[in-house]
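Chain and residue survey
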Protein chains: 2
Amino acid sequence: MLFQKVSIIGFGLIGSSLARAIRKHGMAEEIVCVDRSVDVCKKAVKLKLCDKADTDLRKGVDGADLVVLAVPVGACGTVAEQIRYSLKEGAIVTDVGSVKGAVVNAVQPHIPDKAHFIPAHPIAGTEHSGPEAGFAELFEGRWCIITPLPDSDIQKVEKVTQLWEGCGSVIEIMDVKRHDLVLGITSHLPHLIAYTIVGTATDLEEDTQDDVIKFSASGFRDFTRIAASDPVMWRDVFLNNREAVLEILQRFTEDLTAMQRAIRKEDGDYLQAMFTRTRDIRRKVIEAGQAGDASPTQASEAAQPSGDRQKASGSAG
Amino acid sequence: MLFQKVSIIGFGLIGSSLARAIRKHGMAEEIVCVDRSVDVCKKAVKLKLCDKADTDLRKGVDGADLVVLAVPVGACGTVAEQIRYSLKEGAIVTDVGSVKGAVVNAVQPHIPDKAHFIPAHPIAGTEHSGPEAGFAELFEGRWCIITPLPDSDIQKVEKVTQLWEGCGSVIEIMDVKRHDLVLGITSHLPHLIAYTIVGTATDLEEDTQDDVIKFSASGFRDFTRIAASDPVMWRDVFLNNREAVLEILQRFTEDLTAMQRAIRKEDGDYLQAMFTRTRDIRRKVIEAGQAGDASPTQASEAAQPSGDRQKASGSAG
């Protein structure tokens, strides 16, 4: 087996899905669920998602050769601080956070020399929460970005790679800054924009709002789906990827102002030129096999390594 | 039959789909295709989409009891001006434009007293173009908004209602200003934002751009699909719904600036409160049966009167 004992701290959608996947693919002898909620621990045991469950962090990671931080990114540092003296020799600590720079800054100082922190980000998720929402196939056909640190032990990086490949993911190795920039553009900014436009619609007079809902053409409707994402998780994402988000947001607002000016001045040529340009990116997205199912319903963050590999079943709506 | 002779001016996706639907449901004795392109006229005849085809506007509408303006909104006024003296007594002139105020202003002055202008907007479409792209089912299960003018003849409004109901659409009567405002929010602003964010991504350094494409999570990928919409059509939409779009854009940018400030100041409470608020709209969208297939692939503007009524087949990607 890949690991003897895996402790998953934070047994929500991602943590519990990973547990299910590890079980399904026989990647660990023992799985420990660690969560501060007694209810979650009970549920995890009841659903047979783990061999043991504990609300105590130190006890929970005792003897584990893999520790997975699956708590909100804002909590990773505190958790790392509390488990630092309980890590086994050679233990790997990894995470699943949507931002990498801030997590590395918060966690790395607490990792003792005898252990190894290998940051990762499985690009998968749904709009649902909790251990009952997880499923083993969540990561299949998805990207998982691993951002090793400059002095990371190659063999430990390889083990994390095998973990996620075992879950059906396709690995991409990237550096921390690039990860945060790219995800800032592909995921964080779109979420921010979705939250904002839905908020703008919320401020309308009630009867206009009713019509907006009634006639929510696919554009607006997609925004509402994105804007139903977990508020706490996304609050933490923006607070922890502040620099990259502000940078790309600045560029975006400059471009939007230019559009606004063109509309005000009735500059049809500018608009048409801008709209023609964007077709090219669309073509590249299709060629890269990313067009797939435009809104996969099993995963809200679902860049698929190759096109239609994972057809969604059911509806997230 | 509902109509004796229907002349459809502009035989693109919408015009040719309407012709197919009229034929399928036996709503007219005779269908005339009117298009300035000889090729389109030939194709229409070859595909048996009409009984006659003509590049001459005046000849094309002669004797028609229904004339449909299915040209880009920016061309409606010119067309109306050219057919004004060729309209039969009691003829209905209608349109399919995505904006209503500007079309009414451009067309109404040219409609003689003996004829009737009943503006409409079938909310349906795909990213494809041309008479070969149309299909009879395009309008099924879709909304069609009719915006009668204050002095519109009720019976003529009723005939246009029956036309679109015959195509399988669900009718909503609305006034012109409200239509432009609501569509400004549900469709025009989302398109503008999509065009802009894809443009912002296009300006990145090439290697970052490659990663953006590779990891285009569903958020960004949806934007690219929307931003592949016809540049000319959308140029005309923004030029012709200028007031409503600028108004809603102003509100949106104010809200986005507030988000930006909260991120810069690390105001987590503000962010979390904003993100929690938007879940409510999502719930209302789901309740209104609008969630359906989040990105219907047969129609890019597809507010569905009831949820999953029209499951998309094939891929628009």
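For clarity, every value in this text was computed on a predicted model and none was experimentally measured.

1. Some remarks on the relation of the copies chain A and chain B
- Between chain A and chain B, the superposition needs a rotation of 179° and an axial shift of 0.0 Å, giving an RMSD of 0.2 Å. On this basis, the relationship between the two copies can be described by a two-fold rotation axis.
- Taken together, the interface assignments show that 100% of the residues at the interface of chain A recur at the interface of chain B, consistent with an identical surface on both copies.

2. Focus: the side chain of Thr202(B)
- Mapping Thr202(B) onto the fold places it in helix α7 (residues 176-202).
- Among the polar contacts listed, one links the side chain of Thr202(B) to the backbone oxygen of Val198(B), at a separation of 2.6 Å.

3. Section: the interface of chain A and chain B
- Contacts between chain A and chain B engage 102 residues on the former and 102 residues on the latter.
- Buried area between chain A and chain B, summed over both chains or domains, comes out near 9,800 Å², and the portion from carbon and sulfur atoms is 65%.
- Where chain A touches chain B, the interface holds eight salt bridges.
- Note that Arg178(A) and Asp207(B) form a salt bridge whose closest N and O atoms lie 3.5 Å from each other.
- At the boundary of chain A with chain B, the tally comes to 22 residue pairs in polar contact (both at pLDDT 80 or more).
- Where the side of chain A that touches chain B is concerned, the elements lending two or more residues are β8 (143-146), α7 (176-202), α8 (206-214), α9 (218-226), α10 (231-240), α11 (242-264) and α12 (268-287) of chain A.
- Examining the composition of the side of chain A that touches chain B, we find that 18 residues originate from one element, α7(A), more than from any other.
- Residues of the side of chain A that touches chain B, tallied by class, amount to 51 nonpolar, 27 polar and 24 charged.

4. Some points on the packing of aromatic side chains
- Scanning the entire structure with this criterion turns up 11 aromatic pairs over all chains.
- On the numbers, 4.9 Å between centres and 75° between planes, the contact of Phe139(A) with Trp164(A) is edge-to-face. Taken together, the residues span a long stretch of sequence, with Phe139(A) in the loop between β7 (120-122) and β8 and Trp164(A) in helix α6 (residues 154-166) at a distance of 25 residues.
- The class of Phe139(A) is buried, set by a relative accessible area of 0%.
- Look at Trp164(A) and you get buried, because its relative accessible area is 0%.
- Taken together through their ring pairs, the aromatic side chains of Tyr195(A), Trp234(A), Phe238(A) and Phe275(B) make up a single cluster.

5. Remarks on the sheet that holds strand β2 (residues 28-34) of chain A
All names here are of chain A.
- Pairing in this open sheet of six strands is parallel, and the strands run β3-β2-β1-β4-β5-β6 from one edge to the other. Edge strands, defined here as strands with exactly one partner in the open sheet, are β3 (52-54) and β6 (116-118). Between one strand axis and the next, the sheet turns by 20° as a mean value, whatever way the strands run.

6. Some points on the pairing of strand β4 (residues 66-69) of chain B
All names here are of chain B.
- Covered by surrounding structure in β4 are Leu 66 and Val 68 together with Val 67 and Leu 69, the residues of both alternating faces.
- Sheet topology note: the strand β1 (residues 3-9)/β4 ladder contains four bridges and is parallel. Following the sheet pairing, Ile 9 is matched in β4 by Leu 69.
- Sheet topology places β4 next to strand β5 (residues 92-95); four bridges connect them, and they run parallel. From the neighbouring strand, Leu 66 faces β5, where its bridge partner is Ile 92.

7. Observations regarding the environment of Val68(B)
All names here are of chain B.
- If you trace the backbone, Val 68 turns up in strand β4.
- Residues Val 68 and Ile 118, 50 residues apart in the sequence, show an inter-C-alpha distance of 9.9 Å.
- Contact partners of Val 68, with chain neighbours within four places excluded, come to Val 6, Ser 7, Ile 8, Ile 9, Leu 18, Thr 94 and Val 96.

Calculation criteria
- Residues numbered from 1 in each chain as written.
- Chains lettered and ligands numbered in written order.
- Predicted model: local features only at pLDDT ≥ 70, side-chain atom pairs only at ≥ 80, totals over all residues.
- Heavy atoms only, no water.
- Least-squares fit on C-alpha atoms with pLDDT ≥ 70 in both.
- Contact = heavy atoms within 4.5 Å.
- Helix = DSSP H or I, 4+ residues; strand = E, 2+ residues; numbered from the N terminus.
- Polar contact = N/O pair within 3.5 Å; in protein donor to acceptor, adjacent residues only side chain to side chain.
- Buried area = accessible area lost by both parts, 1.4 Å probe.
- Salt bridge = Lys/Arg side-chain N within 4 Å of Asp/Glu carboxyl O.
- Nonpolar A, V, L, I, M, F, W, Y, C, P; charged D, E, K, R; others polar.
- Phe/Tyr/Trp six-rings, centres within 6.5 Å; stacked < 30°, edge-to-face > 60°.
- Buried < 20%, exposed > 50% of the residue type's maximum accessible area, 1.4 Å probe, protein only.
- Pairing = 2+ DSSP bridges.
- Axes fitted to C-alpha atoms, helices over the stretch in contact; angles between N-to-C directions.

Keep in mind these values describe shape, not function.
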